[in-house]
Amino acid sequence: MNPQSIRILVTGGTFDKEYNELTGELFFQKTHLPDMLRLGRCRLDVAVETLLMIDSLQMTDTDRQLILDRCAAAAEQRIVITHGTDTMERTAQVLGQKVSGKTIVLTGAMVPYTFGSSDGMFNLGTALAFVQTLPPGIYVAMNGRCFPWNQVHKNREMGVFEAINES
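Positions within a chain are numbered from 1, following the residues in the order the chain's sequence is written. Only residues with pLDDT of at least 70 get local features here, since the model is predicted, and only at 80 or more are side-chain atom pairs given and counted; chain-wide, interface and lining totals rely on the full set of residues. Think of the side-chain values as coming from all heavy atoms in the structure, minus any hydrogens and water.

1. Let's talk about the pattern of salt bridges
Okay, step 1: A side-chain nitrogen of Lys or Arg and a carboxyl oxygen of Asp or Glu constitute a salt bridge if their distance falls within 4 Å. By the definition in use, this model includes 6 salt bridges.
Okay, step 2: Here Arg156 ties to Asp86 by a salt bridge, and the two come within 3.4 Å at their closest N and O atoms. Linking Arg156 in the loop between strand E9 (152-155) and strand E10 (160-163) with Asp86 in the loop between strand E5 (78-82) and helix H3 (88-98), this pair joins segments that are 70 residues apart in sequence.
Okay, step 3: Owing to a relative accessible area of 27%, Asp86 belongs among the partly exposed residues under this scheme.
Okay, step 4: In this structure, a network of salt bridges that share partners links the residues Arg7, Glu49, Arg70 and Glu76. Helix and strand labels come from DSSP, where a helix needs a run of H or I of at least four residues and a strand needs a run of E of at least two; each type is numbered from the N terminus. Residue burial is assigned from relative accessible area. The probe radius is 1.4 Å, only protein chains are included, and a residue is buried under 20% of its type maximum, exposed over 50%, and partly exposed in between.

Here you go:
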């Protein structure tokens, strides 16, 4: 295995939501990560692994334990996790309290990839850059910014992630 290899763990979230034109509902079918990597002309050594395809509001402690277990078991030292933004901080906290020696970056999207105006491509690209350059630790990367797991929160009024002391 290449020491620069990156594991991408897919958990669902807005990244992978689809729109049902008949009902107007959002749903999950399959991950869009391979398409996103291809369209972004990604030249990195990545392995994509789908763990879950759920909205993060439905994520349970058991689901977070699965994410933790896969991060711990992964041979790669660099991991990107695509995650719903509503509970990304909680998952980052679980990982931050239990994982050491690996660089793990959680990222998400506010708009589904299939809508065409998604921030997902940009967030995925920056997460892949951050995971290669940051020291071991757990981070949240959104909208070009990166935060340590214990210094970030989602500002629900503004729809952005920010440092805890910024609000």
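2. Observations regarding unusual backbone geometry
Okay, step 1: With a phi close to 55°, Arg41 is a non-glycine residue in the positive phi region.
Okay, step 2: Its place among the elements puts Arg41 in the loop between helix H1 (33-39) and strand E4 (46-54).
Okay, step 3: Of the residues examined, Arg41 reaches a relative accessible area of 70% and is grouped as exposed.
Okay, step 4: Even without being a glycine, Asn143 presents a positive backbone phi close to 55°.
Okay, step 5: Within the secondary structure layout, Asn143 lies in the loop between strand E7 (137-142) and strand E8 (145-148).
Okay, step 6: By relative accessible area, Asn143 is classed as partly exposed at 36%.

3. Considering helix H2 (residues 61-73)
Okay, step 1: Given a helix with a known number of residues, its expected span is that number minus one, times 1.5 Å. Here H2 contains 13 residues, and its C-alpha end-to-end distance of 18 Å stays within 8% of the 18 Å for a straight helix at 1.5 Å per residue.
Okay, step 2: All of the buried residues along H2 are Asp63, Arg64, Ile67, Leu68 and Cys71. For H2, the buried positions fall inside an angular range of 140° around the axis, keeping them on one side. Looking at H2, the residues exposed on the side facing more than 90 degrees away from the buried face are Thr62, Ala72 and Ala73.
Okay, step 3: Contact definition: two residues touch when any of their heavy atoms are within 4.5 Å. Against the buried residues of H2 lie strand E1 (6-12), E4, E5, H3 and strand E6 (103-107). For this quantity, the arc is that covered by the directions from the helix axis to the C-beta atoms.

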